[in-house]
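One letter stands for each residue in the lines below.
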Amino acid sequence: MGLRQLVIDAWSWLNYKPVMAEAGRPGSRAFPELAKTWVPPHEMRRLAAYKVLASYDSNQAGQLTALGGDASALERRELGDAANLVDTALGYLLGSEQKVAVEGAEHADEDTPTPGAAEAAAVQKQLREWADKELLTFRVQQAERAAVLLGDSVMVLAWNPEKRRPTLRVYDPGFFFPQWDDGADDDFPTRVHLAWELPADDEAGLKARVRRVTYELGPISEGEEEGSAGSRTYPWEPGRASNTTCYLTDAEWLLEDLKSGETLDRLPMSKASFRVGADGTELNRLDLMVDFVPVVHIANTIPDGGEHWGRSVLARVLQALDELAATDSDSSAASATTGTPIIGLAGARLPVDRATGKPQELEVKAGAVWQLGETGRMDALDTSPQLAELRARVDHLLERIAANSRVTAAGLGTLDATEVPSGYALKLALGPLDALIGMMRLAREHKYRLLFKMVQRLYQAGRAEGWTAGETLPARLAWAPHTPTDRGAVLEEVVKAYGAGVLSLETAVTMLLEAGYPIKDASQEVERIRAKAQQEAEVRMAEAAARRGRDEDEEDQEDDAGEGAAEERKPVQRESEREPVGSGR
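None of these values were measured; they are calculated from a predicted model. (Residues numbered from 1 in each chain as written. Predicted model: local features only at pLDDT ≥ 70, side-chain atom pairs only at ≥ 80, totals over all residues. Heavy atoms only, no water.)

What about the overall build of the protein?
Stage number 1. The helix and strand inventory of the protein stands at 13 helices and 15 strands.
Stage number 2. A total of 585 residues make up the protein; the buried ones form 37% of that total. (Helix = DSSP H or I, 4+ residues; strand = E, 2+ residues; numbered from the N terminus. Buried < 20%, exposed > 50% of the residue type's maximum accessible area, 1.4 Å probe, protein only.)

Structure representation (C-alpha cells):
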C-alpha cells in the first residue's frame, strides 16, 4: 500500500479525511456533484472543503466518515457542538448591533464643525437609510455565518432601476470562481464567475443546466468595429477620463452539450443561452457603466501570503470534534449498561415457555423475581467507573476545543463562575477571544469599506436624487463591543475625563454608546445634551437676574429705612435750651 500524496495548501488541515486524501479529484466519491466536467480541477479541494465543513454544521460528519470506509461511524452521536462553536463565534463577531459610520460625520453638530463634516453627516444618513431598506443587518448575518463556518462568503451589489437604489445579495462561496491573471499584482480579480448547476425539471421540460454569471473589466467599446475603444468620465472621478468599464454576462449551458475539457472558464459561447433583463435587454456583455466589479469576497481570517481564501473557525479543532463525537457515543453505550447492567446467574430456575418448552429469556426490570437454588449466585457488571471516565474525557475535550479554537471556556459559557476570583481574572480568561475577534474584524474592515464605496458609486452612476458627483467618502461598518463591559466604570471614567476637559463631549458620548448605554445616535444625543445644558444655563441666568433684582430692592429698602432712622435720631432741643425770642435786642 503506497503513501497518500502529501498536499500542503489552504485546506491541508482536512488531509486526514479520506474524502480529501485524493489530491487530483478530492471528494468525488462522497460528493458526485463535484465530478462534473465544468468544475475547474484547481477548485476541487476548496469546494470539497466547503462540503466537509457543512456536514459538521448539520451533524452529518459521521455519514461522511462512513463514506470513507468506516461503517461504524453511522452510529456516531453528534450533538451540535460544531454548530454551537460556529454560532458562538458569530455572536461575538457581530456584537449586539452594527452601524454604518462615515468618517467626520460625528463633528457635524459641533459649534465649529470641521470642513466636510456636514457632507459626511449627509452621506452617513443616506447610507443608513439604504441599510434599512436593504436589510443590511440581516444580509451581514447571512454572509458572516457562511464566512465563520466555511472561511469565505460573497456579497454582490447591483443597481435596481425600479427601486432606484443598489440591491445587496449574499451567495454561497461555492458559487464564487474568481479569475486571477498570471503574474498580475492586483488586489482584486478583473474577472469573476458566479456559477451553479440547475437540476432537470421533467414537468417543465427543462434539462440539467449550468448557469454562469460573469463580471469582467475591459475597455469601453464604441461602435460596431471590433477593437475600437472609447472613454468616459465617472461621477466619482470628475475631470479624469477612464477607458475601463465592467461587463455583465448571464448565460446557461446544457450539461449534455459540454464536453471534456470545457470547464467553467472555457464554456463554448456558441452553445450559450443568454438570459434577459427586466427591461428586455439581453445580458451578453452588458455595460454596467462602472469601472469596478461589484462583488465583495469576505474572508474569515487574514489570508496567508499568496492566498486569497479564509479559514473556518472549525479548522483547528475538527479532529477534536471527531473525538468528542466518538466519546459521546461510547458514553451513551456505557450509560446503557450502567442503567440496565449485564447480570450473570448461576443455579437459577428459568421459566419455561409452555408453547415451545424452551426456557424463556430473563428481563432486567423493576419487580422481577428470580428463583435461585441453594448454590445459586447473581453477579452484576458495574460499568459506572468507565462511564465516569468517559464523562471526564468529554469535559477534557471540550476544554481543548475551547482553548484551541480561541473561543475560550469563558466565551462558550462552560467556565464555572466560582473559578473566577475577580473581574480582572475573567478579562485575562477572555484574552484569546478578544484577539480572535480583533483579527476577524480586521480581516473584514477593508471589505466593508469597499462595499460602502461601491454603494455610493452605484448611487452616483444611477444619478439618484441627493447624490452628486464628487469623491467617494470613506465609510465603515462599526461593530458593538463583543463582550460585556463594566458600564459603571466607563461612566465614572467618562465623567471624570469630560469634567477635567481632556475629552470632548462627542468622544464621551461615543464611549458611552460603545459601553452599551441605550443611545441610538451619538450626534443626536450630543445635540440633546447641549440643548439641555443651554436651557439649564438660561434658567440659571434668569434665576440669578431675579436674585440680583431682589437684592437691589432689599438694598433700596434698607437705604430708605436708614435715612428715616437717621432723621429720628437727630437731637431735639428742649424749651429751656432754646434762645429767647427777644434775646439780643
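That covers the picture; the talk isn't over yet.
Section: helix α7 (residues 384–405)
Stage number 1. A rise of 1.5 Å per residue sets the reference length of α7, with its 22 residues, at 32 Å; its end C-alpha atoms lie 32 Å apart and thus fit the reference within 8%.
Stage number 2. Residues L387, L390, V394, L397, I401, A402 and S405 constitute the buried set of α7. Along the axis of α7, the buried residues cluster in a sector spanning 135 degrees; they form a single face. The outward face of α7, more than 90 degrees from its buried face, is lined by the exposed residues E389, E399 and A403.
Stage number 3. One or two positions beyond α7, positive phi appears at R406, with a value near 70 degrees. (Expected span 1.5 Å × (residues − 1). Arc of directions from axis to C-beta.)

With respect to the environment of V148
Stage number 1. Examined against the element boundaries, V148 turns out to sit in helix α5 (residues 136–150).
Stage number 2. What makes V148 buried here is its relative accessible area of 0%.
Stage number 3. Each C-alpha atom, one on V148 and one on G310, is 9.0 Å from the other, the two residues being 162 residues apart in sequence.

Things to note about the nonpolar core
Stage number 1. Judged by nonpolar contacts, the single largest core of 109 residues is most densely connected at W38, W130, L136, Y215, L314 and Y448.
Stage number 2. Ranked by residues supplied to this core, first place goes to helix α10 (residues 431–461) with twelve residues.
Stage number 3. When near neighbours in sequence (up to four residues on either side) are disregarded, L314 contacts L53, Y56, A82, L85, V86, L149 and L321.
Stage number 4. Grouped together as the second largest cluster of nonpolar side chains are nine residues, V494, A508, A515 and I519 included. (Core = buried A, V, L, I, M, F, W, Y, C linked by side-chain atoms within 4.5 Å. Contact = heavy atoms within 4.5 Å.)

Considerations on the sheet that holds strand β12 (residues 295–299)
Stage number 1. Sheet architecture is open: three strands sit in the order β3-β2-β12, paired in antiparallel fashion. The open sheet has two edge strands with one neighbour each: β3 (165–171) and β12. Strand-to-strand twist across the sheet, computed as the mean angle between neighbouring axes with direction ignored, equals 25 degrees.
Stage number 2. Bridge count for strand β2 (residues 152–160) against β3 is seven bridges, and the pairing is antiparallel. Bridge pairing in β3 places L157 opposite L168.
Stage number 3. Across the sheet, α10 is in contact with β2, β3 and β12; its angle to β12 comes to roughly 165 degrees. (Pairing = 2+ DSSP bridges. Axes fitted to C-alpha atoms, helices over the stretch in contact; angles between N-to-C directions.)

Some thoughts on α5
For an α-helix, the turn length of 3.6 residues means that residues three or four places apart are oriented alike.
Stage number 1. Here α5 is 15 residues long and its end C-alpha atoms lie 21 Å apart, about the 21 Å a rise of 1.5 Å per residue gives.
Stage number 2. Listed in full, the buried residues belonging to α5 are L136, R139, V140, A143, E144, A146, A147, V148, L149 and L150.
Stage number 3. Of the residues flanking the end of α5, it is G151, one or two places downstream, whose phi is positive at about 100 degrees.

Some points on the layout of surface pockets
Stage number 1. In this model, the largest pocket occupies a volume close to 1,300 Å³.
Stage number 2. Contributions of two or more residues to the lining of the largest pocket are made by β2, β3, β5 (191–198), β6 (209–219), β7 (232–233), β9 (244–254), β11 (286–287) and α10.
Stage number 3. At five residues, β2 tops the list of elements feeding residues into the lining of the largest pocket.
Stage number 4. Of the residues that constitute the lining of the largest pocket, the class distribution is 23 nonpolar, seven polar and ten charged. (1 Å grid on protein atoms, 1.4 Å probe; cavity = no way out; pocket = protein on both sides within 12 Å on 5 of 7 lines; lining within 4 Å. Points joined across faces, edges and corners; volume = space filled by probe spheres on them. Nonpolar A, V, L, I, M, F, W, Y, C, P; charged D, E, K, R; others polar.)

Focus: unusual backbone geometry
For residues besides glycine, phi is generally negative; the peptide bonds are generally trans as well.
Stage number 1. Backbone geometry places R164, a non-glycine residue, at a positive phi of 60 degrees.
Stage number 2. On the secondary structure map, R164 appears in the loop between β2 and β3.
Stage number 3. Residue classification places R164 among the partly exposed residues on the basis of a relative accessible area of 40%.
Stage number 4. Positive phi is not limited to glycine here, since R463 has a value of about 50 degrees.

Regarding empty space enclosed by the protein
Stage number 1. Considering all chains together, one arrives at two cavities of 30 Å³ or more under this definition.
Stage number 2. At the level of elements, α3 (81–94) and α6 (318–339) are the ones that each hand at least two residues to the lining of the largest cavity.
Stage number 3. Sort the elements by how many residues they give to the lining of the largest cavity and α6 lands first, with five residues.
Stage number 4. Along the lines of polarity and charge, the residues of the lining of the largest cavity split into seven nonpolar, two polar and six charged.

Structural notes on the packing of aromatic side chains
Stage number 1. Evaluated as defined, the whole model comprises nine aromatic pairs.
Stage number 2. Judged by centre distance (5.9 Å) and plane angle (80 degrees), the ring pair of Y448 and W479 falls under edge-to-face. Note that Y448 is positioned in helix α10 and W479 in strand β15 (residues 475–479), a separation of 31 residues in sequence.
Stage number 3. Of the residues examined, Y448 reaches a relative accessible area of 2% and is grouped as buried.
Stage number 4. A relative accessible area of 16% means that W479 is categorised as buried.
Stage number 5. An aromatic cluster is present here, built from W159, Y459 and W467 joined pairwise through their rings.
Stage number 6. In this arrangement the basic side chain of R46 is found over the ring face of F177, its NZ or CZ atom lying 5.5 Å from the centre.
Stage number 7. Seen from the ring of Y247, R285 lies directly overhead, with NZ or CZ sitting 4.1 Å from the centre. (Phe/Tyr/Trp six-rings, centres within 6.5 Å; stacked < 30°, edge-to-face > 60°. Lys NZ or Arg CZ within 6 Å of the ring centre and 35° of its normal.)

Looking at a nonpolar patch on the surface
Stage number 1. Residues L345, L350, L362, L372 and M378 make up a contiguous nonpolar surface patch of about 390 Å² in total accessible area.
Stage number 2. If you trace the backbone, L350 turns up in the loop between β13 (343–348) and β14 (372–380). (Patch = residues over 30% accessible without salt bridge, like charges linked within 9 Å, V, L, I, M, F, W, Y side chains within 5 Å. Areas by Shrake-Rupley, 256 points an atom, 1.4 Å probe, with all protein chains shown as cover. Salt bridge = Lys/Arg side-chain N within 4 Å of Asp/Glu carboxyl O.)

Remarks on the side chain of R45
Stage number 1. The topology assignment puts R45 in helix α1 (residues 44–57).
Stage number 2. A polar contact is formed between the side chain of R45 and the backbone oxygen of W11, at a distance of 3.3 Å. (Polar contact = N/O pair within 3.5 Å; in protein donor to acceptor, adjacent residues only side chain to side chain.)

Some remarks on the packing of α1 against α5
Stage number 1. The geometry of α1 relative to α5 is characterised by a closest axis approach of 9 Å and an angle of 105 degrees between their N-to-C directions. The angle between α1 and α5 falls in the class roughly perpendicular. Contact residues: α1 offers Y50, L53, A54 and D57, while α5 offers R145, L149 and L150.
Stage number 2. Each residue belonging to the contact of α1 with α5 can be placed in one class, and the counts come to five nonpolar, no polar and two charged. (Parallel < 35°, antiparallel > 145°, perpendicular 65-115°, else oblique.)

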